[in-house]
Every structure is written in structure tokens, then in C-alpha cells.
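Per-entry structural report
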Amino acid sequence: MSVVIAFSEYGAPGVLTSSDVPVPQPGPGQVRVRVRASAVNPIDLKLRSGELAGLMPVEFPFVPGQDVAGVVDEAGEGTGFAPGDEVFGSAHGGGYGEYALLDQPFAKPEEVSFETAAAMITVGETAYRALEELRLSPGQTLLVHGAGGAVGAVAVQLAVARGVTVIGTAGEHDFDRVGRHGATVVRYGEGWAERVRDAAAGTVDRVLDTAGAGVLAESIALTGDAARVVTIADLSFAEHGVRFTGLDPADHLPQALPLLADLIARGDLEVPVWRTFPLTQAAQAHAEIEAHHNKGKVVLLP
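What you see is a predicted model, and the numbers here were worked out from it, not measured in a lab.

Remarks on the environment of Arg162
Within the fold, Arg162 resides in the loop between helix H3 (150–161) and strand E9 (165–170). Using a relative accessible area of 27% as the deciding quantity, one classes Arg162 as partly exposed. For the pair Arg162 and Leu136, spaced 26 residues apart in the sequence, the C-alpha separation amounts to 8.5 Å. In this structure, Arg162 is in contact with Tyr128, Leu131, Glu132 and Pro138, ignoring residues within four places of it in sequence.

This is the structure in C-alpha cells:
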């Protein structure tokens, strides 16, 4: 048997409870991993609370979590992996457990910890995909809303590495870290657009909204074209004619994950892990995230 954390009703973090289930069996093309780290993502909290019940209903009991790193325990036919291999990837059927199935595992570089490998999966792929959709060129200026958050931090670093000038909105407690990543930092909140104009001293070519804080209309005004703005967080995107990336799984770019892992291994990309919790304290982890926004990634350790 295997321990998992699941919820059987929507609600506060306390609906997450521990239970024993049979150890999952890998099918062709799958590996079963002994999970060493499972990242907590905002969608886990939204699914648990019922916020997305109308858009993404779940079948109870539901095991959250999709980003895991661990050691191959058993490999299905045709995976190219063997027991003992260290891998990371998206879990099939939930990652909050002692074991998980991966449909598309990737080899974890030795230099990358299990915690960091799990933490970077969703945020790394999201940031990489959003930048691809914005079609940035070296020398252009990109505004990143929420540059202090996990996705924003990765997007800033990737854009700077491409020769893009980056302006990032953030809270004052994140100024040093965002600046260290290579962005010009401006304080978010009322008056942000004027502060961005002053910092840009010219044109803002593209905008990536990772915050979902009602900034789309002014972002369009800054760039002059809704097609130059992409959001991953504002569900009012259609009202503004802005693209929302992430709703269609076909748009995802998992092939970016090995590249991102290599960047981390070389020290060229930082994915901050704020806190780790034992798997059995998943409810406390959710509560901490709800109480303290944008402090970095939270990872569960079975």
C-alpha cells in the first residue's frame, strides 16, 4: 500500500487527509517513481477549494499535485529508464503520494536537487511557453507583472538571457531578488503604469501578466496592441482580447523541461524553493501559501 493525500469534498486546507491506496502499476511508456519531492502549485489550491469546480470538476476522492521528482521504482515497456534512475515530470493521477506514475519522465541532472527539479516543472514550462508566445527579440522591452512570483522570476531570467530588457513589477520585499535576476524593478499597485513608463524611457514591446491583478487594460495601453500581451492568471482575458496561455494542454511545451534543468545544473537559472513540508503536512502547506503569497515554491517531501 501507498500513502496519498487526497480530498473528498471542496473546502479549506483541512479537507486534505491521508489515506492508504494500492501502489500504482505502470503501463507501457510509464515509469513508477518513489517520490522524493512533490511541488505545490496554485492550481492545487484552486482545485481543492472548489474555485475551479465549474471549469475543471474533479472526481472524489482526488489526489492533487502534478510536479514530482523521484527515483524510478519500476519502468513500463519502452520508457528507456530503469529502476534507480533519478527522474522528474508530471504525475499521472496525482503527485501527493509516496509513489507516482509519470507518462513522460525526464532524466534529472545530478547537480539539481529533487526539490528544485519538482519545483521548476510547472513554473518553468509556463514561463518558457509564455515567452515563446510573445515572440520576443533581443533588444525589445518586456514588462513582467508579478516578477517576484515563481513564474515571473523564471520568465525574467529567461528573457534577460535572450537579450531582452526586462521591467518587473513586484512588492518591495522582492526588489533585491528581482533586481538580481536582471530586471529593472518597479513597485506594483496604484500608479504602476506611470512608474513603468518612467522606467522604460521609451516603448514597452510586450507584457507578460503572471499576477492576475487587473492590469490588462493598462498593459494594452502601454504596448498599443492586445496581441502583445499574454496572461497566465487573469480570467477576464477575453474581454480585453488578450491571449491566456495554459488552458489548452496542446499548447504546453514539456520538451522545454530538459533545457531548463540543464540551465539550473549550470547555475544559469534559479528556481527559489521557499519551504518544504512533510507530505503528511500538505494541509499546513496549503494554509501557509494562502497566508503568504509569492514567497517562492513550496515542496512536499514524502
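So, the pattern of salt bridges
Scanning the model with the defined rule gives 11 salt bridges in all. Put simply, Glu290 and Arg48 hold a salt bridge, and the shortest N to O gap is 2.7 Å. Of this pair, Glu290 sits in helix H9 (residues 282–291) while Arg48 sits in helix H1 (residues 42–49), placing them 242 residues apart in sequence. According to the relative accessible area criterion, Glu290 is partly exposed, its value standing at 38%. Of the charged contacts, one joins Glu125 and Arg129 as a salt bridge, the two residues approaching to 2.7 Å between their closest N and O atoms. Here Arg129 and Glu125 lie together in helix H2 (residues 114–134), a separation of 4 residues that amounts to about one turn. Comparing Glu125 with Arg129 shows no difference in burial state: the two are buried. Members of the salt-bridge network, linked through shared partners, are Arg32, Asp73 and Glu74.

Let's talk about the packing of H2 against helix H8 (residues 256–265)
Where H2 meets H8, the axes come as close as 9 Å, and the angle between the chain directions of the two elements is 120°. One way to sum up the angle between H2 and H8 is to call them oblique. In the crossing of H2 with H8, the sense of the turn from one axis to the other is right-handed. Counted together, Thr116, Met120, Ile121, Gly124, Glu125 and Tyr128 of H2 and Ala256, Leu257, Leu259, Leu260, Ala261 and Ile264 of H8 form the full contact between these two elements. Classifying every residue of the contact of H2 with H8 by side-chain character gives 9 nonpolar, 2 polar and 1 charged.

Here's the deal with H1
If you check which residues of H1 are buried, you get Asp44, Leu45, Leu47 and Arg48. Along H1, the residues classed as buried sweep out an arc of 165° about the axis, all on the same side. On its buried face, H1 is in contact with strand E3 (31–40) and H9. Directly after H1, the chain includes Gly50, whose backbone phi takes a positive value near 90°.

A word on H3
Spanning 12 residues, H3 covers 17 Å between terminal C-alpha atoms, matching the ideal 16 Å at 1.5 Å per step. Counting buried positions along H3 gives 10 out of 12 residues, so the element sits mostly inside the fold. Within H3, the full set of buried residues consists of Ala150, Val151, Gly152, Ala153, Val154, Ala155, Val156, Gln157, Leu158 and Ala159. Gly163 sits one or two positions beyond H3 and adopts a positive phi of about 85°.

What about the sheet that holds strand E13 (residues 243–244)?
Ordered by their spatial adjacency, 6 strands build an open sheet running E10-E9-E8-E11-E12-E13, and the pairing between neighbours is parallel. Edge positions in the sheet fall to strand E10 (184–187) and E13, since each of these pairs with one other strand and no more. For E9 and E10, the ladder comprises 4 bridges, and the chain directions are parallel. Across the sheet, Ala170 pairs through a bridge with Arg187, a residue of E10.

Looking at unusual backbone geometry
Here the bond from Phe60 into Pro61 is cis, since omega is -10°, no more than 30 degrees from zero. Relative to the assigned elements, Pro61 resides in the loop between H1 and strand E4 (67–75). At Ala201, a position not held by glycine, the phi torsion is positive, near 50°. As for its placement among the helices and strands, Ala201 is situated in the loop between helix H5 (192–200) and strand E11 (206–209). A residue is classified by how much of its surface remains accessible, and Ala201, at 70% relative accessible area, is exposed.

Parameters at a glance
Residues numbered from 1 in each chain as written. Predicted model: local features only at pLDDT ≥ 70, side-chain atom pairs only at ≥ 80, totals over all residues. Heavy atoms only, no water. Helix = DSSP H or I, 4+ residues; strand = E, 2+ residues; numbered from the N terminus. Buried < 20%, exposed > 50% of the residue type's maximum accessible area, 1.4 Å probe, protein only. Contact = heavy atoms within 4.5 Å. Salt bridge = Lys/Arg side-chain N within 4 Å of Asp/Glu carboxyl O. Axes fitted to C-alpha atoms, helices over the stretch in contact; angles between N-to-C directions. Parallel < 35°, antiparallel > 145°, perpendicular 65-115°, else oblique. Left-handed = near helix turned anticlockwise from the far one by under 90°. Nonpolar A, V, L, I, M, F, W, Y, C, P; charged D, E, K, R; others polar. Arc of directions from axis to C-beta. Expected span 1.5 Å × (residues − 1). Pairing = 2+ DSSP bridges.

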